[in-house]
Amino acid sequence: QVQLVESGGGLVQPGGSLRLSCVASGFPFDDYHMGWFRQAPGKEREGVADIGTDYRTTYEDSVKGRFTISKDNAKNTLYLQMNDLKPEDTAMYYCVADPFPGAGWLKTEATSTFGYWGQGTQVTVSS
């Protein structure tokens, strides 16, 4: 019943931009903490950004100033605006929903995978 469907990934040149979307259904979107996570080949899964029910946000250090997470409760949709993309950003990006976030959620969720996860959308940054 719970579904998280990501879209917007693709191939982009270094310095370019992409906007990822995640359409949620089957749960009370407004009451869930939401986030974006990614995993690149040969690397561990890591948190990218998250947004609370109060719209407060946090970011992984390497994407600060370049990425912006947002959501539209009326559309049950989560977004990730990615600017000044770098080859190091290449990864599968996942949308995650969790009703019970704790301290340091962006890091703990990356390893616990307790919340609901989408199927992912591939982002490739290459010239």
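**Let's talk about the environment of P101**
Okay, step 1: As for its position among the elements, P101 is in the loop between β9 (91–98) and α1 (105–112).
Okay, step 2: A relative accessible area of 37% means that P101 is categorised as partly exposed.

**Topic: α1**
Count 3.6 residues to each turn of an α-helix, and residues three or four apart come out pointing the same way.
Okay, step 1: Among the residues making up α1, those that are buried are W105, L106, E109 and A110. Down the axis of α1, the buried set is contained in an arc of 135 degrees. They therefore lie on one face. Exposed side chains of α1 directed beyond 90 degrees from the buried face belong to K107 and T111.
Okay, step 2: In this structure, the buried residues of α1 make contact with β4 (33–39), β5 (46–51), β6 (57–59), β9 and β10 (116–117).

**With respect to the packing of aromatic side chains**
Okay, step 1: Counted according to the given criterion, the structure contains seven aromatic pairs.
Okay, step 2: Residues F27 and Y32 carry aromatic rings whose centres are separated by 4.6 Å and whose planes lie at 55 degrees to one another, so their mutual orientation is tilted.
Okay, step 3: With centroids separated by 5.4 Å and ring planes inclined at 75 degrees, the aromatic side chains of F37 and W105 adopt a geometry described as edge-to-face. On the criterion of sequence distance, the pair formed by F37 in strand β4 and W105 in helix α1 is long-range, its members being 68 residues apart. Each member of the pair, F37 together with W105, is buried.
Okay, step 4: One aromatic cluster in this structure is built from F27, F29, Y32 and Y116.
Okay, step 5: Its guanidinium or amino end placed over the ring of Y55, K71 lies 5.0 Å from that ring's centre, counting from NZ or CZ.

**Digging into the side chain of E6**
Okay, step 1: When you line up the elements, E6 lands in strand β1 (residues 3–7).
Okay, step 2: The buried charged residue E6 lacks any salt bridge, with R45 as its nearest oppositely charged partner at 11 Å.
Okay, step 3: Within the structure, the side chain of E6 is placed 3.1 Å from the backbone nitrogen of Q119, a separation counted as a polar contact.

**Let's talk about the pattern of salt bridges**
Okay, step 1: Within the structure shown, the criterion is met by six salt bridges.
Okay, step 2: As a salt-bridge pair, R38 and D89 come within 3.0 Å of each other at their nearest N and O atoms. One end of the pair, R38, is in strand β4; the other, D89, is in the loop between β8 (77–82) and β9, with 51 residues separating them in the sequence.
Okay, step 3: According to the relative accessible area criterion, R38 is buried, its value standing at 4%.
Okay, step 4: For D89, a relative accessible area of 1% corresponds to the buried category.
Okay, step 5: D61 is the partner of K64 in a salt bridge, and the nearest nitrogen-oxygen pair spans 3.1 Å.
Okay, step 6: Judged by relative accessible area, which is 58%, D61 ranks as exposed.

**Overview of the state of the cysteines**
Cysteine pairs can be linked by a disulfide, which is a covalent bond between their two sulfur atoms.
Okay, step 1: As enumerated under the stated definition, the model contains one disulfide in all.
Okay, step 2: Through a disulfide, C22 is tied to C95; the S-S separation comes to 2.1 Å. What sets the handedness of the C22 and C95 disulfide is the S-S torsion sign, and at about -75 degrees it is left-handed. One end of the pair, C22, is in strand β3 (residues 18–25); the other, C95, is in strand β9, and 73 residues separate them in sequence. With respect to class, C22 is no different from C95; both count as buried.

Here is what the cut-offs are and how they apply
- Residues numbered from 1 in each chain as written.
- Predicted model: local features only at pLDDT ≥ 70, side-chain atom pairs only at ≥ 80, totals over all residues.
- Heavy atoms only, no water.
- Helix = DSSP H or I, 4+ residues; strand = E, 2+ residues; numbered from the N terminus.
- Buried < 20%, exposed > 50% of the residue type's maximum accessible area, 1.4 Å probe, protein only.
- Arc of directions from axis to C-beta.
- Contact = heavy atoms within 4.5 Å.
- Phe/Tyr/Trp six-rings, centres within 6.5 Å; stacked < 30°, edge-to-face > 60°.
- Lys NZ or Arg CZ within 6 Å of the ring centre and 35° of its normal.
- Lys, Arg positive; Asp, Glu negative; His and termini not counted.
- Salt bridge = Lys/Arg side-chain N within 4 Å of Asp/Glu carboxyl O.
- Polar contact = N/O pair within 3.5 Å; in protein donor to acceptor, adjacent residues only side chain to side chain.
- Disulfide = S-S within 2.5 Å.

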